[in-house]
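The lines below spell out each chain.
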Amino acid sequence: MGSAYRPPRWLRNPHVQSVLSSMPLRRAAGLRELRRLGAQTTEHIITVEDGVRLQGFHTRLPGREAPTQGLVLLLHGWEGSSESSYMRHTAAQLLARGFEVFRLNFRDHGDTHHLNEGLFHSCRLGEVVQAAAEVSRRFPARPMLAAGYSLGGNFALRLALAAPGAGIPLVHAAAVCPAIDPSAVMRTLESGQPFYHWYFMKKWRRSLSIKRALFPQQHDFDDSILAKDMRSLTHWLVERHTTMGGVEEYFDGYAVAGDRLAGLQVPVSVLAAADDPVIPVEGFPRLALPAHSILEIADFGGHCGFLEGAHLRGYAERWVADRLAAAAAPARDTIAVSA
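Below or above, wherever it landed, is the structure these notes cover.

Parameters and conventions
- Residues numbered from 1 in each chain as written.
- Predicted model: local features only at pLDDT ≥ 70, side-chain atom pairs only at ≥ 80, totals over all residues.
- Heavy atoms only, no water.
- Phe/Tyr/Trp six-rings, centres within 6.5 Å; stacked < 30°, edge-to-face > 60°.
- Helix = DSSP H or I, 4+ residues; strand = E, 2+ residues; numbered from the N terminus.
- Buried < 20%, exposed > 50% of the residue type's maximum accessible area, 1.4 Å probe, protein only.
- Lys NZ or Arg CZ within 6 Å of the ring centre and 35° of its normal.
- Contact = heavy atoms within 4.5 Å.
- Polar contact = N/O pair within 3.5 Å; in protein donor to acceptor, adjacent residues only side chain to side chain.
- Lys, Arg positive; Asp, Glu negative; His and termini not counted.
- Salt bridge = Lys/Arg side-chain N within 4 Å of Asp/Glu carboxyl O.
- Expected span 1.5 Å × (residues − 1).
- Arc of directions from axis to C-beta.
- 1 Å grid on protein atoms, 1.4 Å probe; cavity = no way out; pocket = protein on both sides within 12 Å on 5 of 7 lines; lining within 4 Å.
- Points joined across faces, edges and corners; volume = space filled by probe spheres on them.
- Nonpolar A, V, L, I, M, F, W, Y, C, P; charged D, E, K, R; others polar.
- Disulfide = S-S within 2.5 Å.

## So, the packing of aromatic side chains
Then, in step 1: Per the stated rule, a full pass over the model turns up 17 aromatic pairs.
Then, in step 2: On the numbers, 6.5 Å between centres and 40° between planes, the contact of phenylalanine 120 with phenylalanine 155 is tilted. Linking phenylalanine 120 in the loop between β4 (100–104) and α4 (125–138) with phenylalanine 155 in helix α5 (residues 151–166), this pair joins segments that are 35 residues apart in sequence. For the pair shown, phenylalanine 120 and phenylalanine 155 are each scored as buried.
Then, in step 3: Of note, arginine 158 hangs over the ring of phenylalanine 155, and the distance from its end group to the ring centre comes to 4.3 Å.

Here is the structure:
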C-alpha cells in the first residue's frame, strides 16, 4: 500500500503540489513534449444513445500504424479537459512507450458545451461507457486500457466495473486521486482551504454561463442560481436536471467507496495521496479491492500533483504509464496468438 514517491522537501506541501501541477507553465510543457515526440492528433465526435455527442482526440506517433502496446482512454477531472496538464503529460508518457491515446472530453468540458443541450453531471456514466465501447470499435485488434484523474479516476473505476457487461475489451484501469466518496469530497471542500471551493466554483459557474448563453430556452436560470455555494448549486442541479431525490442520493449514485469495487473483473490500480486537500484519504484503506488490483498511498502529492522537482515532471504520469504497460503486455501476447 506504500508508495515509492519521495518529493524534495520544498514539494512536500500539498497546496504547493496542487497549485503548481495545474499551472499554465506545466500545461505548456506537456504540449511541448507532445510536439517533440511528433504526436499526430485527430478529433473524433462520438454519438451515443439519445443523440448525445462527445468529443475526443486520438493521438499516435507517426510510423506506428500497427500499435505495439495498445490504446489508452484518458479521462480528465471535473472542469478539466483533454488539454489539462496531467492529460498532456500522461499522453506523452504513454506515446513514448508505444501506446496510442484517446483523450475523451466529458459533456460540457473543453469547448464542447454546444454539442448537447442537457447539463453534465457525474451520474452520466452510461454515455461514457457507450463512448468507450465506440472507441474500442474504431480502434480494434489491440489491448484497451483506461486511466483517469480525480473525477476522471472515479469514471475510470466505474468504467472498469461496467466494461464486461458492455462488451468493452478493457484489460486494466488506473486511477489517480479518484473521487471515491463524493459526499466526503463535498464536506472537505466546504471545511478545508477556501481556495479549492473558490477554484472549482469559478470554473463551474463559467461552464453554466456558457451553457445558458448557448441554450437560453432550455437553461433560463438567472444569476442568483450561479451565486449559490457548491452544495446549494448541486442541490439545484439534482432537483432540476436529474430524477434523483436529493444531493446524498446523487452522491451515492457515483460513489465507489467501501465494497463497491469488490466485484471488479477488470484489474485496477489506484494511486492516492495522504495529504490530498480535495479527496480525503480516509476512505482509501477501506476500499475492498480484489486480489488482482492494487492500491498505493503516497505520503505526499497533494491533489493530482506528485511533482518531482523544479522541472515539474510528475510521478503520477509515469506511474500510470508503468502500470498500464505492465498490464498490456500479456493482453498483447494473447491478441497476437489469437491473430
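Having seen it, we continue.
## Re the environment of histidine 121
Then, in step 1: By the secondary structure assignment, histidine 121 is in the loop between β4 and α4.
Then, in step 2: Residue classification places histidine 121 among the buried positions, given a relative accessible area of 8%.
Then, in step 3: Sequence separation between histidine 121 and arginine 103 is 18 residues; the distance between their C-alpha atoms is 19 Å.
Then, in step 4: Setting aside residues up to four positions removed in sequence, histidine 121 forms contacts with Leu237, His241, Thr242, Met244 and Tyr250.
Then, in step 5: Here the side chain of histidine 121 touches cysteine 123 through a polar contact of 3.2 Å, landing on its backbone nitrogen.

## Topic: the side chain of aspartate 276
Then, in step 1: Locating aspartate 276 in the fold gives a position in the loop between β7 (268–273) and β8 (294–298).
Then, in step 2: Within the buried set, aspartate 276 has no salt-bridge partner at all; the shortest N-O distance to an opposite charge, 13 Å, is to arginine 26.
Then, in step 3: A polar contact is formed between the side chain of aspartate 276 and the backbone nitrogen of valine 278, at a distance of 2.8 Å.

## Overview of the side chain of serine 81
Then, in step 1: With respect to the secondary-structure elements, serine 81 resides in the loop between β3 (71–75) and α3 (85–96).
Then, in step 2: For serine 81, a relative accessible area of 14% corresponds to the buried category.
Then, in step 3: Only 3.0 Å separates the side chain of serine 81 from the backbone nitrogen of glutamate 83, close enough to count as a polar contact.
Then, in step 4: With residues near it in sequence (within four places) discarded, serine 81 still touches His76, Met87, Asn105 and Gly110.

## Re helix α2 (residues 24–37)
Then, in step 1: In a regular helix each residue adds 1.5 Å, so 14 residues correspond to 20 Å; α2 covers 20 Å between its end C-alpha atoms and thus fits that length.
Then, in step 2: Taken together, the buried positions of α2 are Arg26, Gly30, Leu34 and Leu37. Projection of α2 onto a plane perpendicular to its axis shows the buried side chains occupying an angular sector of 90°, all on one side. Set apart from the buried face of α2 by more than 90 degrees, the exposed residues are Leu25, Arg35 and Arg36.

## Looking at the layout of surface pockets
Then, in step 1: Size it by volume and the largest pocket reaches roughly 920 Å³.
Then, in step 2: Among the elements of the structure, α1 (14–21), α2, α3 and α7 (194–214) are those that each provide at least two residues to the lining of the largest pocket.
Then, in step 3: The element that contributes the greatest number of residues to the lining of the largest pocket is α7, accounting for 11 residues.
Then, in step 4: Here the residues of the lining of the largest pocket are counted per class, giving 15 nonpolar, 15 polar and nine charged.
Then, in step 5: What the second largest pocket holds in volume is close to 240 Å³.
Then, in step 6: As for the second largest pocket, its lining consists of Ala29, Glu33, His89, Ala92, Gln93, Ala96, Glu308, His311, Arg313, Gly314, Glu317 and Arg318.

## Brief notes about empty space enclosed by the protein
Then, in step 1: Under the counting rule described, the total for this entry stands at two cavities of 30 Å³ or more.
Then, in step 2: There is about 430 Å³ of room inside the largest cavity.
Then, in step 3: Contributing to the lining of the largest cavity are 27 residues, with Trp78, Ser122, Leu151, Tyr250 and Tyr254 lying nearest its centre.
Then, in step 4: Counting only elements with at least two residues in the lining of the largest cavity, the list comes to α6 (182–191), α7, α9 (230–241) and α10 (247–254).
Then, in step 5: Residue composition of the lining of the largest cavity, grouped by class: 19 nonpolar, six polar and two charged.

## So, the state of the cysteines
Then, in step 1: Applying the stated criterion across every chain, the model contains zero disulfides.
Then, in step 2: There is no disulfide at cysteine 123, and the cysteine sulfur nearest it, in cysteine 304, is 20 Å away.
Then, in step 3: Owing to a relative accessible area of 22%, cysteine 123 belongs among the partly exposed residues under this scheme.
Then, in step 4: In this model cysteine 177 remains outside any disulfide bridge; the closest cysteine sulfur is found in cysteine 304, 4.2 Å from its own.

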